[in-house]
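# Fold and contact review
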Amino acid sequence: MTQPKRLFIKTYGCQMNVHDSERMAAAMGAEGYVQTDSVDDADMVLLNTCHIREKASEKLYSDLGRLKPLKAGRPDLRIGVAGCVAQAEGEEIIRRAPIVDLVVGPQAYHRLPAMVRGEAPAVVTDFPREDKFDHLPPATRRAPTAFLTVQEGCDKFCAFCVVPYTRGAEVSRPAARIVEDARGLVARGVREITLLGQNVNGWHGEDATGRAMGLGHLVRALAEIEGLARIRYTTSHPNDMTDDLIAAHAEVPALMPYLHLPVQSGSNRVLKAMNRRHTAEQYLRLIERIRAARPDILLTSDFITGFPGETDADHAATLELVEAVGFAAAFSFRYSARPGTPAADRPPVPQEIAETRLHELQALLTRQQRAAQEAMVGRTVGVLFEKPGRMGGQMIGKSDYLHSVFVKADNVKVGDLLPVQIVASASNSLQGRLAA
Ligand code: SAH
Ligand code: SF4
Ligand code: F3S
């Protein structure tokens, strides 16, 4: 028997990249590659990149710099670059870093095996008509949770964002395909599915009778699958939170009480300059409606500080919005000018100011995160157990509200979904004990 080849994959960026990496690993598995955790014994290295901020995209070149001596010693080592930097920079990557053999854009991953065999060009960044997921084998990872991509791309064109350019136009996968994929995952033991899309709540399709469906309808269809205990979705745009999706949060027990709803800023001036197409008041009103449907829902968001033109008053408005909502967690970033986006040509806010605002915002968000965790203490919540902890007899799982929960229990298995009483809150996790 021939020795299997070893594939090392490094993934940057969002959950869509994490999922794409799993699917590329499966496709390469069919070519005889097994995954390795060590770059030193790899026959092929695949870097699945992110272009969202300058720092994220520059990581590619620092990693390639570190791979250079390895490739010098082993010229047969194949190096591939996938993801959003691959899409944005294409052949330029090979010009800048000649050790790279292959460049493959996010919509062309089904062509990776042919590229590795030398039966396709070394650089593929087109947006083919076919759905890559129809041509990629399912992920082989066995776990009680799984990602399922339902929608890709973005037509929103926020003034700061590269995603519409790197992932292309919004495309929804057909409902029947998604339900079939979900059934397959559940048959392999998956109990929780997170539906993925850059604009996941913009998903649209048709039911068997040709009637138009939105994400709320899809969630209801998936909730019918026996054995599927939990459904989540990410990432949503405020303008696509339909009445039906909000109602699903009230009516579908499998839909978890957690929603990531990026707002970016609390200033109407900045929101307009960002091309977000909604005001702070509209966002707050939306949050009220979501909380009316599901009072215990936890909300998280994304923020950018130092967007071109942002004043102290705009920043104060962001802090005010955060105070008004009370988020359970959030990601916040200093604005990073991205080549090719409309905001990149606008006069920047000085870095130190953007940085100071970021720290101020993060301090507030951290206080809110602690408060949200403290509020869990004493409550009994569902926990889906995902892996053993480092301490003996300890198991780690995720609560309905997506908190990491540590429980000491000898008789709990990976994949168990059990009621847990929360007894304490640590910095980024909760401690619980099995409820009687
Ligand atoms: N589709 C999602 C998010 C995509 S990117 C959405 O619409 O919300 C994830 C987050 O990165 C964004 O929400 C934004 O907060 C941040 N981000 C995107 N471009 C950025 C940039 N140029 N500089 C700083 N942060 C950025
Ligand atoms: Fe980027 Fe805006 Fe699209 Fe989100 S909605 S991916 S931030 S352009
Ligand atoms: Fe990054 Fe592309 Fe995701 S730019 S955040 S990997 S869609």
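Residues numbered from 1 in each chain as written. Chains lettered and ligands numbered in written order. Predicted model: local features only at pLDDT ≥ 70, side-chain atom pairs only at ≥ 80, totals over all residues. Heavy atoms only, no water.

Note on sheets: strands pair through backbone hydrogen bonds, and any given pair is parallel or antiparallel. Spatial ordering of the open sheet is given by β2-β1-β3-β4-β5-β6, a layout of six strands whose pairing is parallel. Only two strands of the sheet have a single neighbouring strand rather than two, namely β2 (33-35) and β6 (123-124). The sheet contact formed by strand β5 (residues 102-104) and β6 spans two bridges and is parallel. Within β6, the residue paired with V103 across the bridge is V123. Lying on the sheet, helix α2 (residues 54-73) is in contact with β1 (5-11), β3 (44-49) and β4 (78-82); it crosses β3 at an angle near 175°. (Pairing = 2+ DSSP bridges. Helix = DSSP H or I, 4+ residues; strand = E, 2+ residues; numbered from the N terminus. Contact = heavy atoms within 4.5 Å. Axes fitted to C-alpha atoms, helices over the stretch in contact; angles between N-to-C directions.)

Read around the closed barrel, five strands run β17-β18-β19-β21-β20, paired in mixed fashion. Between one strand axis and the next, the sheet turns by 50° as a mean value, whatever way the strands run. Inspection of the sheet shows strand β18 (residues 394-399) paired to strand β19 (residues 404-408) by five bridges, in the antiparallel sense. Its bridge partner lying in β19, Q394 is registered against K408.

With that out of the way, let us pick up the packing of helix α12 (residues 312-325) against helix α13 (residues 351-374). At their nearest, the axes of α12 and α13 sit 10 Å apart, and the two run at 5° to each other. Relative to α13, α12 is oriented roughly parallel. Facing α12, whose interface residues are D312, H315, T318, L319, V322 and E323, α13 presents R357, E360, L361, L364, L365 and Q368. The class makeup of the residues in the contact of α12 with α13 is five nonpolar, three polar and four charged. (Parallel < 35°, antiparallel > 145°, perpendicular 65-115°, else oblique. Nonpolar A, V, L, I, M, F, W, Y, C, P; charged D, E, K, R; others polar.)

Accessible area lost upon the coming together of the parts serves often as the stated size of an interface. Splitting the protein chain by domain gives domain 1 (5-124), domain 2 (132-374) and domain 3 (380-434). Just the C-alpha atoms count here: the centres of domain 1 and domain 3 sit 35 Å apart. (Domains from an automatic or database assignment.)

Bringing helix α8 (residues 215-223) into the picture now. Taken together, the buried positions of α8 are L215, G216, L218, V219 and L222. Along α8, the residues classed as buried sweep out an arc of 160° about the axis, all on the same side. Of the surrounding secondary structure, the elements contacted by the buried residues of α8 are α7 (175-187), β10 (192-196), β12 (212-214), β13 (230-234) and α9 (243-251). (Buried < 20%, exposed > 50% of the residue type's maximum accessible area, 1.4 Å probe, protein only. Arc of directions from axis to C-beta.)

The element β18 is largely enclosed, with a buried count of five among its six residues. Hairpin remark: strand β17 (residues 380-388) followed by β18, antiparallel, with five residues in the connecting loop; positive phi at G393, about 75°. Between β18 and β19, which pair antiparallel one after the other, the connecting turn spans four residues, and L402 there sits at a positive phi close to 70°.

To continue, consider the site of ligand 1. In the vicinity of ligand 1 lie 15 residues, with F160, Q198, Q264, D302 and S336 positioned nearest. Residue Q198 places a main-chain N or O atom 2.8 Å away from a nitrogen atom belonging to ligand 1. The contact in question runs from an oxygen atom of ligand 1 to an N or O atom on the side chain of D302, over 2.6 Å. Bound to the protein, ligand 1 loses 89% of the 540 Å² it would expose on its own. Listing elements by their share of the shell around ligand 1, those giving two or more residues are β15 (298-305) and β16 (329-334). Grouping the amino acids of the shell around ligand 1 by side-chain chemistry returns six nonpolar, four polar and five charged. (Near = heavy atom within 4 Å. Polar contact = N/O pair within 3.5 Å; in protein donor to acceptor, adjacent residues only side chain to side chain. Areas by Shrake-Rupley, 256 points an atom, 1.4 Å probe, with all protein chains shown as cover.)

Ranked by internal contacts, the top residues of the largest apolar core, which has 50 residues, are L195, L215, L218, L222, Y233, M241 and F327. A per-element tally of this core places α7 first, with six residues. Here L222 is in contact with I178, V179, A182, L195, L228 and I231, once residues within four sequence places are set aside. (Core = buried A, V, L, I, M, F, W, Y, C linked by side-chain atoms within 4.5 Å.)

We now examine unusual backbone geometry. Leaving glycine aside, a negative phi is the common case for residues, and trans is the common case for peptide bonds. Cis peptide bonds are those with omega within 30 degrees of zero, and the linkage from T234 to T235 qualifies with 0°. Note that T235 resides in the loop between β13 and α9. For N275, which is not glycine, the phi torsion reads 60° and is therefore positive. Phi is positive for L402, which is not a glycine, with a value near 70°. Tracing the chain through its elements places L402 in the loop between β18 and β19.

Evaluation of the coordinates by the stated rule reveals four aromatic pairs. Considering the side-chain rings of F160 and F307, the 6.2 Å spacing of their centres and the 85° angle between planes classify their relative orientation as edge-to-face. Taken together, the positions of F160 in the loop between β8 (151-152) and α6 (163-166) and F307 in the loop between β15 and α12 put the pair 147 residues apart, joining distant regions of the chain. Just as F160 is buried, F307 falls in that class too. A centroid spacing of 5.4 Å and a plane angle of 75° characterise the contact between F307 and Y335, whose relative ring orientation is edge-to-face. Of this pair, F307 sits in the loop between β15 and α12 while Y335 sits in the loop between β16 and α13, and the two are 28 residues apart along the sequence. A single burial state applies to F307 and to Y335, both of which are buried. Pairwise contacts between aromatic rings join F160, F307 and Y335 into one cluster. (Phe/Tyr/Trp six-rings, centres within 6.5 Å; stacked < 30°, edge-to-face > 60°.)

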